[in-house]
Amino acid sequence: MQENILQEYEKVKDKLSEEEFLEEMERIKSSNEDVEFIDDFSAAQLVVQNHNGVDTSIFDNKAEESSSQMSDELKERFDKVKDQLSEEEFFERMEKFRQQEIDNPFMTDTSLADMVVGELVTEEPEIVSEKPEFAVDTIDKLEANSRDVTVAGRVISISNPRSFKTRKGQSGEVQNVELKDNTGEIRAVFWTQNIKLLKNVTEGDIIQIKNVDIKEGYSGLEANLRPRSVLVHLEEDPSKYPAYEEEITKIADIQPETKVNIIARIIRIPTIRSYEKNGKEGKVASLELQDDSGQISYTLWNKNVELINDLKLEDGDTVKILQAQARERPNRDGENEITLTHWDGRIIKGDYDVPEIQQEFLPIGDLSEQKDVSIIGVVSRLQDIRVFTRKTDNTEGKLRNFDVRDSTGEIRVTVWGDDTNIVINKGDFIKVIGGDVRYDQYTQSQYSMNTNFNTQITVNPDNLSIDKIDELDGIRNELHPVSIGQIQFDYDEDGVEIDIIGRILSLEEPREFQRDDSSVGIVRSALFADESGKVRLSFWNEKAEGDYAVGEAYRIENARTRLGMYSVDLNIGSGSRIIRLSEEQASAMFIPELATLEKAIYDYKKIEDLDEDEEDTIIIGRVIELNDIRNFDRDNGDTGSVRNIEIADDTGSIRVVLWDNDAKMDLEMGQPLKLQNPRLSLDMDNRLQATVSGGTTVLEPSEKELEELPSQEELMESIFVEKPIEALLEDDTNVHITARIKEVFTDRILLKKCPNCRENVEESEDEYICDNCGHIFDEPDYTLMIPTRVEDDTGEIPVTFFGKLAEELIEKDIDEIISLVDDGYGIEEKLEDLVGMTIEIIANVSFNEYSEENRLNPKKLLKKYY
């Protein structure tokens, strides 16, 4: 071993073999390979710390543990605070700091104890004279790559701490101190575990640091502290260390290419902005400072911009800035201008003697075309961020518009780039310092404000006067959402902007339309409700493509009224904002749950209680019949889909017509469905049917709603009632009939249908023209029809089988039958063989006005036999 490492091993040789000691050193080095100052000696020191620290049993926090269990170092620290903490509380606080510093490999028990003491005690630094064990060379004698040396000097500057992350993602901090003696200067680099040593160090102190490594740095030699570095304060010695004078320079007297100290007031803090250089992204912010002699810009770069938040800097604060770098450069107007840059200096926020600067905020109603204007108001309208492509270089840009209102007026403000990321909500107080006002014919006030890279935007500023807060509160209280029930009565004009909150009750699929200029737009309709009522929404274009869900709560801003035929609807366009609310937010805004809204707005109806043209109903039932999906062509060339199903509850059943996407839903027999606001009408047989249209939503019933719905088996027993023919009544539905086929009529079994509208068409030798829809086609669709008359012991009744039921009855599909007919073969014999067959069917009963008798419309063929 090297001599210095052997010395460390001597401290733990009673606990570890030499081999074990070296293994632990390697393990520490490999686990911290991304920390540059972990060398063999540092690793050896950490091994010693791990084995000679406090017994971990101390942190069991048991009161009965006595102070005799402490090491001498910990006892010394505890004695400083024993009048404020019990021993148990002392170790509890140490453990709390241990958890906070869990990713810091250099935290020893002594370091943790120092942190506890530092929280409770402000100690004056002990000033010592140089001792032999602190022997030190002058700065000019230091050489790169020297190790375990001692440096001393007067503190010329101290930087603010900067955070960093290692390659493994661990967080840390670094702070630089410039030291100077009569022979030269050197930068001392304090890492996370060393920064606590600077607690009682300030500019002008003379300090001595033991156990540092000298390395070549960015701008000369650097003294890098190690985990066990020690710092002491030294006595004044003019023969070795130059005098320190903290000279404060007036802003007007600053010269370029110098380092200066200034005291000034912050008058503006623009937004932190990002930039890209050499493929890397950086950050920059330029503060505007002023003293009694003038103004100057002070620029923070990259990690240093975090000081704005770390120090909680605001406009109006007074600061002392030490060792700022002055430079001269052209401004936007091409004139040379002196600016300051933060590098390794320090910002100290305090109460300094700087003249008060009264920022002038203009009343919004008095604004006209002018630059560098400041306003305070309430965000009265807010739009979403818009992305655009610049024509100059095809790069992507961002902008955002919002309106600001005070008691005198309102103005549109546009922010750009990084400023669009500022979190702003409607109703926020906002302060804009340094915007440019221009004429704008498209705004109500005829003016708008543009921001720039030097504009400060502060949301909900803390330093407003009581009078200003009262004024803005009054405006904010006027911005509350409108209850939906008010819309139909109080907003009977087109184009009025309002905000609403509520839940989506129903949601249609987006559909395309063609504008007059041949471009294609998208629109989507929805029903939206609060406890006071419901309103129809129309989402347009990009808003129509949003990810919305039935039952979710939303806040919708800047919706525009549109007068419909019988109601006021709302348009949701590019200027509108749609904000999805969490359930916690919805509850705080007193938005009822979906089930509560449904009960307030809709009537839950049993199927037997439904009436034609009834609105605002909810029907819950199980699927008892599923017909095939049928596709058709619309006039505009699109393909539509339609499907008939039947649902039933414990009072009856009803046919449901599904269109397009609803028709394509995956459904199965017995599945429970909840129809919210279906359109109720009479079909061709004068029976009530429910149509799932644009205003209807098909939902899954809740568990509570299902409790009142019979099972599939129970419904089948109650709905499909067996009846003899003589007991059949007009309008009976889903009756179970067992009868014999008495007669089959074979005159016309193939019906020719229009492929578009499915109406019957007449025979033609050439092309067909549908009398109903005008569609022209060469080949019709065919439907198989088998008219019969059936009987039982009580009577007889006509039954006509169509389509699949007819094919099932005759046991031939329609293509076979068409082929036989085309080849000149008849199927009369096959049809006549049906006479005498017993069939069991489920059918509806209707009255035939021509024959003046009831007839059966079969829905299911259950059995057939002779």
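Nothing here was measured: the structure is a model prediction, and the numbers come from that model. (Residues numbered from 1 in each chain as written. Predicted model: local features only at pLDDT ≥ 70, side-chain atom pairs only at ≥ 80, totals over all residues. Heavy atoms only, no water.)

Trainee: I'm lost on the overall build of the chain in this one. Help?
Mentor: Looking only at helices and strands, one finds 16 helices and 46 strands in the chain. What you see for the chain is a C-alpha radius of gyration of 43 Å, clearly larger than the 29 Å of a compact globule of 866 residues, by over 25%. Dimensions of the chain, computed from C-alpha atoms along their principal axes, come out at roughly 130 × 80 × 55 Å. Per-residue burial for the chain yields a buried fraction of 46% across its 866 residues. Nonlocal contacts in the chain, meaning residues at least 24 apart in sequence, comprise 62% of its contacts between residues at least 6 apart. Accessible surface computed for the chain: about 45700 Å², of which carbon and sulfur atoms make up 43%. (Helix = DSSP H or I, 4+ residues; strand = E, 2+ residues; numbered from the N terminus. Rg over C-alpha atoms; globule rule 2.2 N^0.38 Å. Buried < 20%, exposed > 50% of the residue type's maximum accessible area, 1.4 Å probe, protein only. Contact = heavy atoms within 4.5 Å. Areas by Shrake-Rupley, 256 points an atom, 1.4 Å probe, with all protein chains shown as cover.)

Trainee: Help me understand the nonpolar core in this model?
Mentor: One recurring pattern in soluble globular proteins is that nonpolar side chains are buried together. Counting residues in hydrophobic clusters, the biggest one holds 32 residues, and the most contacted among them are Leu784, Ile786, Phe801, Leu809, Ile839, Ile841 and Leu856. Elements with a minimum of two residues in this core: strand 39 (735–744), strand 43 (781–792), strand 44 (795–802), helix 14 (803–810), helix 15 (814–822), strand 45 (838–848) and strand 46 (853–865). The leading source of residues in this core is strand 39, at five residues. Not counting residues up to four positions away in its chain, the partners in contact with Leu856 are Leu728, Ile737, Ile797, Pro798, Val799, Thr800, Ile841, Ala843, Asn844 and Val845. (Core = buried A, V, L, I, M, F, W, Y, C linked by side-chain atoms within 4.5 Å.)

Trainee: Help me out: how do you make sense of the packing of aromatic side chains in this one?
Mentor: What describes a pair of aromatic rings is the distance from one ring centre to the other and the angle between the planes of the rings. For the structure on display, the rule yields 11 aromatic pairs. With a centroid separation of 5.6 Å and an interplanar angle of 90°, the aromatic rings of Phe513 and Trp540 are classed as edge-to-face. A residue pair is termed long-range when its members are at least 10 positions apart, and Phe513 in strand 23 (residues 511–514) and Trp540 in strand 25 (residues 533–540) qualify at 27 residues. Classification of Trp540 as partly exposed rests on a relative accessible area of 27%. An angle of 80° between the planes, with centres 6.0 Å apart, marks the rings of Tyr548 and Tyr554 as edge-to-face. (Phe/Tyr/Trp six-rings, centres within 6.5 Å; stacked < 30°, edge-to-face > 60°.)

Trainee: Can you walk me through the pattern of salt bridges in this structure?
Mentor: Any two side chains of opposite charge can pair, given that their charged atoms come close. Summed over all chains, the structure comprises 54 salt bridges. Across the salt bridge formed by Asp732 and Lys723, the nearest N and O atoms sit 2.8 Å from each other. Accessibility expressed as a relative area gives 25% for Lys723, which makes it partly exposed. Each of Asp384, Lys426, Asp499, Lys543, Arg555, Glu557 and Arg577 takes part in one network of salt bridges that share partners. (Salt bridge = Lys/Arg side-chain N within 4 Å of Asp/Glu carboxyl O.)

Trainee: So what exactly am I meant to see when it comes to the packing of helix 4 (residues 72–81) against helix 5 (residues 87–100) here?
Mentor: The relative placement of two packed helices comes down to the angle between their axes together with the axis-to-axis distance. Where helix 4 meets helix 5, the axes come as close as 11 Å, and the angle between the chain directions of the two elements is 110°. One finds that helix 4 runs roughly perpendicular with respect to helix 5. In this structure, the crossing between helix 4 and helix 5 has a hand that is right-handed. Residues Leu74, Arg77, Phe78 and Val81 of helix 4 form the contact with helix 5, whose participating residues are Glu87, Phe90, Phe91 and Met94. Taken together, the residues of the contact of helix 4 with helix 5 sort by class into six nonpolar, no polar and two charged. (Axes fitted to C-alpha atoms, helices over the stretch in contact; angles between N-to-C directions. Parallel < 35°, antiparallel > 145°, perpendicular 65-115°, else oblique. Left-handed = near helix turned anticlockwise from the far one by under 90°. Nonpolar A, V, L, I, M, F, W, Y, C, P; charged D, E, K, R; others polar.)

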